[in-house]
Amino acid sequence: QVQLVESGGGLVQAGGSLRLSCAASGGTFSRYLMGWFRQAPGKEREFVAAIRWSGDTSYADSVKGRFTISRDNAKNTVYLQMNSLKPEDTAVYYCAATLSYGWNMDRLYEYWGQGTQVTVSS
């Protein structure tokens, strides 16, 4: 029902910034809880941030104060602004969507994008 396409990943120096975008189609975008997850090589997938229709947000402790999630319902797009990037932020970042109140529970997210690579050099 829903297709998600991430973009905006790339290579950046430590301390730099990137903005990831996730374009959604095929559903009523404003009704979905939207989340970002990431997976580093050899590591398990972990929660990064999420935002619901009201604008309420949730962040992993590791990114709080550095990352900001936002959404533009008119463009059916969710963003992840990443500032003060650290080498440990290096991972493939995935956009996800659900009609459930899953927040950091990846098992409750129904739809996933293909991922975009973020590499932060030390």
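Residues numbered from 1 in each chain as written. Predicted model: local features only at pLDDT ≥ 70, side-chain atom pairs only at ≥ 80, totals over all residues. Heavy atoms only, no water.

Thoughts on the overall build of the chain
Per the secondary structure count, the chain includes 0 helices and 11 strands. Each helix and strand of the chain, ordered N terminal to C terminal, gives the series β-β-β-β-β-β-β-β-β-β-β. Its C-alpha atoms give the chain a radius of gyration of 13 Å, near enough to 14 Å, the size a compact globule of 122 residues would have. Projected onto its principal axes, the C-alpha positions of the chain cover 40 × 25 × 25 Å. Within the chain, the fraction of its 122 residues that count as buried is 43%. Of the contacts formed within the chain by residues at least 6 apart in sequence, a portion of 58% connects residues at least 24 apart. Looking at the chain as shown, the accessible area adds up to about 6300 Å², and 45% of this sits on carbon and sulfur atoms. (Helix = DSSP H or I, 4+ residues; strand = E, 2+ residues; numbered from the N terminus. Rg over C-alpha atoms; globule rule 2.2 N^0.38 Å. Buried < 20%, exposed > 50% of the residue type's maximum accessible area, 1.4 Å probe, protein only. Contact = heavy atoms within 4.5 Å. Areas by Shrake-Rupley, 256 points an atom, 1.4 Å probe, with all protein chains shown as cover.)

What to know about the pattern of salt bridges
Under the counting rule described, the total for this entry stands at 6 salt bridges. Residue D61 is joined to K64 by a salt bridge in which the shortest nitrogen-to-oxygen separation is 3.5 Å. Relative accessible area serves as the criterion here: at 52%, K64 is assigned to the exposed category. Residues R66 and D89 are paired through a salt bridge, measuring 2.8 Å at the closest nitrogen-oxygen approach. Of this pair, R66 sits in the loop between β6 (57–59) and β7 (67–72) while D89 sits in the loop between β8 (77–82) and β9 (91–98), placing them 23 residues apart in sequence. Salt bridges sharing common partners tie together R38, E46, R66 and D89. (Salt bridge = Lys/Arg side-chain N within 4 Å of Asp/Glu carboxyl O.)

Section: the nonpolar core
Counting residues in each nonpolar core, the largest one holds 36 residues, and the members touching the most others are L4, M34, W36, V78, L80, M82 and Y93. Among the secondary structure elements, those contributing two or more residues to this core are β3 (18–25), β4 (33–39), β5 (46–51), β7, β8, β9 and β11 (116–121). Ignoring any residue separated from it by four or fewer positions in sequence, one finds Y93 in contact with E6, L20, W36, F37, R38, V48, F67, L80, M82, G115, T116 and V118. (Core = buried A, V, L, I, M, F, W, Y, C linked by side-chain atoms within 4.5 Å.)

Considering the side chain of T77
Structurally, T77 can be placed in strand β8. By relative accessible area, which is 9% here, T77 ends up buried. Looking at T77, its side chain comes within polar contact range of the main-chain oxygen of K75, at 2.8 Å. With near-sequence residues (within four places) excluded, T77 lies in contact with S21, C22, A23, F29, S70, R71 and D72. (Polar contact = N/O pair within 3.5 Å; in protein donor to acceptor, adjacent residues only side chain to side chain.)

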